[in-house]
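Take a look at the letters that make up each chain.
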Number of protein chains: 2
Amino acid sequence: MTGTTDTFGSNELLFNAFEQNCISLAYHSLWAHPESNRFDYLKPKFWIDLAKTLERGGFDTIFLADVVGVHDLYKGGYETAVELGMQTPGGDPSVLIPLMSSVTQHLGFVFTQSILQEPPFNFARRISTLDHITEGRVGWNIVTSHLASAARNLGWDDLPEHDTRYAMAAEYLAICGALWEDSWLAGAVLRDKKNFRYADPAKVRKINYEGKYYKVPGPHLSEPSPQRTPLLFQAGSSEAGRQYAATNAEGVFLDSSTPLGACGIIADVRQRAASVGRNPSDIRFFQGLTFVVGGSDEEAQKKNDSYVEYLRPEAFAAQLSSAVGGDVSVIDLETPLDQIKTNTMQGWLNSIRASAPNQQWTLAKVLLWRRNRQIVGSPERIADVLQEWKDAGIDGVNVSYVISPKSFEDFADGLAPELRKRGLLKEEYRPGTLRQKFFGQGDYLNDRHPLKQSANVTTL
Amino acid sequence: MTGTTDTFGSNELLFNAFEQNCISLAYHSLWAHPESNRFDYLKPKFWIDLAKTLERGGFDTIFLADVVGVHDLYKGGYETAVELGMQTPGGDPSVLIPLMSSVTQHLGFVFTQSILQEPPFNFARRISTLDHITEGRVGWNIVTSHLASAARNLGWDDLPEHDTRYAMAAEYLAICGALWEDSWLAGAVLRDKKNFRYADPAKVRKINYEGKYYKVPGPHLSEPSPQRTPLLFQAGSSEAGRQYAATNAEGVFLDSSTPLGACGIIADVRQRAASVGRNPSDIRFFQGLTFVVGGSDEEAQKKNDSYVEYLRPEAFAAQLSSAVGGDVSVIDLETPLDQIKTNTMQGWLNSIRASAPNQQWTLAKVLLWRRNRQIVGSPERIADVLQEWKDAGIDGVNVSYVISPKSFEDFADGLAPELRKRGLLKEEYRPGTLRQKFFGQGDYLNDRHPLKQSANVTTL
């Protein structure tokens, strides 16, 4: 089966590099591997070189995940996470973007920021500034935080309830959208030296937003950036998450165990998108996969064996504890997943179950689950498997590294030539902003998007 | 009289370039001048080139001012500010720093952020990330906002009272300081590949801050950056401002009208610093000055005449309205300054009066006041005047541009050689972090600083 919503009517996939400004993102403790120079993550050269590698490898985007708290549930504290460098220590993702954009022309930059981190007015300006300075290459992954540790450091007594977080997120996005789309009208910026008119104040409007959680009068401080609204990403495949993605997202990250599972989720979200007035093809789906590339399958397997040696299960257990909202060191790992109820990452747990519904999912299986999405082999074998995913309807791949930058160098030098031969990877970048590259239909949100339909704005 | 607290026992001055991520910072409407290419402020190349020019010109720092609202008091709205591009539109300052740091080795980056913009926990991490990625070249100018427009967009019904803002600022700084200085102890980061120990959790502590305005348990998310605490700047010469600077600041911006006025303020703040247990030389004072450089005095004067033509008094009136917290279009401009009482920039108004106490200050005089700090002439004449300021005891100059980058290019190419000849400008940069360059006594805050004396932290 070939997807009917191919990005550009071709066999091409989009590729995203999954990263975080930290020591250990997903393959925990691989920083200890002899081939890892991850300690350099604090140096500008690390990110500058990585950006160049990604552009050489034909990557469309780098995605910077973020965690604004510590994983402190496992064994009742943050010892394990800190000792193993598991997402702590870490830094602000947005700071890396100007470094990387200044040495690339096409690579896009998507980053995570939780609505709890900063008032929307301030965040909207930072996004606009980033979009200006990258010349239209910025995307935002909207999250609501899942760590109580984050919330408590940001002025809350505890993590707000799931529904409250989603209600806040809806307001937050509406405010940002109004600032980006509706405050500075087309033609507001005059740049008229002769008449000393930089802008036409009649076309710079307040947004006068008054919601349950936020009040923001505006106007937006930044003049319109190349994309106005950044490319909007979302992860999470819970019921609420799917509906949110169908309504708002332009890019969705999937964590499916099988092509068939991905196919089902994609069809469902596209259907939901259509039912809220969007086109099914208004959303690009990125499946999370990891490649271990070798000259031959045997070589790749040997390489992978050397990686596996360095994985530390305790780091995964600490991360899983945050996801389920409880200390998994005192929970029977054979507990069926459908018995876990939590205020944290219920959607993520649901999505794992949904991606392979016939499995008897337990916590123990979740701990091993990332391996399912790992493709180890020669460039030819990996390309074969990728074609299966492509045929199941994914638009792109969210490439998780084992060792960074090594895994991305292997992609660029070892895998990319074979992918190009098969038409799975572009020969050249398309011109234009990130949104234009993704959809080929202009720099701005299309008119079907709900942020283009808000109109609660007033003139001065 | 020669200052007794010379930066390095020499005739050298520090130089800071005063900038903002906007169209019009201080010499309003000069963007309309034929020699201005300020419209490029949205392009990365503008800032990259500027950073290179500044380093060529021997500048120690670039300071990025910020305004997180619109000037909307003048004539009851923001028409004037928006039409003339007066600090609106504008962008986030911190986004520019990685761009500029990646093409320079020594230039320092000081930026303004108000405590109202973002929770301290999140801000502290961004600063640490910036300090890492610039390899120890970041400074922070602490402000509390003076625009009601800013406060209302950031979740407040109105601008909090002056004293409340200062009380909040004290807590905010204490939290950031505890995160930077006390959370990750020396030796916490192990990077021990052999034993899979990235960090020693016993040396990563919570700060458990509970104040009136903020509660932040910690720990800090970033590992210690090269300076830990950024170089701390402060502007404002009110009574409260002086005491705050004497207690906390390592760099102070002055807006004095005369060398004698500066001398008085410097002596007072140094005295206050000593009385709270710091050394008088723990603070560097930067006087705001503007240079219009010509091959001869006549040439410079002619150049200045062409600049003056483009100044638009209405932009200054709009800015002054924000400073006094009222619409100056309906206030008699001959009102004596000591009759103006405001919740906004009282300190700034006081400092103008204090810098030339024998003047009969009126609003009309404030509108013209920047001219007093403008030095127009040949490199020799400017160097002569600078020597007077140096002899009055200033440590550095906060260089305000008329046209940027033109004014800074004129500095680097026209003025710097003469300043170097006289020993007023360094021949070469000193090595090390920004703090080390400023004081020559190490990368970290010295032990006399109050942030080094907080101890309200607990172990895990």
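Residues numbered from 1 in each chain as written. Chains lettered and ligands numbered in written order. Predicted model: local features only at pLDDT ≥ 70, side-chain atom pairs only at ≥ 80, totals over all residues. Heavy atoms only, no water.

1. Comments concerning the overall build of chain A
Across its full length, chain A carries 15 helices and 13 strands. What you see for chain A is a C-alpha radius of gyration of 22 Å, in line with the 23 Å of a compact globule of 460 residues. Projecting the C-alpha coordinates of chain A onto the three principal axes gives extents of approximately 70 × 50 × 45 Å. The 460 residues of chain A split such that 65% are buried. Counting contacts in chain A only where the partners sit at least 6 residues apart, residues at least 24 apart contribute 78% of the total. As displayed, chain A has an accessible area near 15,400 Å², and 50% of this comes from carbon and sulfur atoms. Positive and negative side-chain charges in chain A, numbering 47 and 55 respectively, have mean positions lying 5 Å apart. (Helix = DSSP H or I, 4+ residues; strand = E, 2+ residues; numbered from the N terminus. Rg over C-alpha atoms; globule rule 2.2 N^0.38 Å. Buried < 20%, exposed > 50% of the residue type's maximum accessible area, 1.4 Å probe, protein only. Contact = heavy atoms within 4.5 Å. Areas by Shrake-Rupley, 256 points an atom, 1.4 Å probe, with all protein chains shown as cover. Lys, Arg positive; Asp, Glu negative; His and termini not counted. Charge placed at Lys NZ, Arg CZ, Asp CG, Glu CD.)

2. Brief notes about the packing of helix α4 (residues 120-133) of chain B against helix α6 (residues 162-182) of chain B
Residue and element names in this part refer to chain B. It is the contact of α4 with α6, at a shortest axis distance of 9 Å, that shows an interaxial angle of 50 degrees. With respect to their mutual orientation, α4 and α6 come out oblique. Of the two elements, α4 crosses α6, and the hand of that crossing is right-handed. Between α4, through P120, F121, F123, A124, I127 and S128, and α6, the contact on the second element is made entirely by Y172, I175, C176, L179 and W180. Its residues assigned to classes, the contact of α4 with α6 shows 10 nonpolar, one polar and no charged. (Axes fitted to C-alpha atoms, helices over the stretch in contact; angles between N-to-C directions. Parallel < 35°, antiparallel > 145°, perpendicular 65-115°, else oblique. Left-handed = near helix turned anticlockwise from the far one by under 90°. Nonpolar A, V, L, I, M, F, W, Y, C, P; charged D, E, K, R; others polar.)

3. Observations concerning the packing of helix α7 (residues 239-248) of chain A against helix α8 (residues 259-275) of chain A
Residue and element names in this part refer to chain A. Two elements in contact, α7 and α8, have axes whose closest approach is 8 Å; the angle formed by their N-to-C orientations is 55 degrees. Here α7 lies oblique to α8, going by the angle between them. The way α7 lies across α8 gives a crossing that is right-handed. Residues E239, R242, Q243 and A246 of α7 touch α8, and the partners they reach there are I265, D268, V269, R272 and A273. Grouping the amino acids of the contact of α7 with α8 by side-chain chemistry returns four nonpolar, one polar and four charged.

4. A few points about the interface of chain B and chain A
Facing the 77 residues of chain B at the interface are 77 residues of chain A. Summed over both partners, the interface of chain B with chain A comes to about 7,000 Å²; 62% of that surface belongs to carbon and sulfur atoms. For chain B, the biggest contributors to the area lost against chain A are B:Y78, B:K193 and B:F196; these three give 12% of the whole. Across the contact surface, chain B and chain A share 10 salt bridges. On the surface where chain B and chain A come into contact, there are 30 residue pairs in polar contact (both at pLDDT 80 or more). Residue assignment for the side of chain B that touches chain A shows that the elements contributing at least two residues are α1 (44-56), α2 (79-83), α3 (96-101), α4, α5 (148-153), β5 (189-192), β6 (197-199) and β8 (215-216) of chain B. For the side of chain B that touches chain A, the leading source of residues is α4(B), giving eight residues. The class makeup of the residues in the side of chain B that touches chain A is 39 nonpolar, 18 polar and 20 charged. (Buried area = accessible area lost by both parts, 1.4 Å probe. Salt bridge = Lys/Arg side-chain N within 4 Å of Asp/Glu carboxyl O. Polar contact = N/O pair within 3.5 Å; in protein donor to acceptor, adjacent residues only side chain to side chain.)

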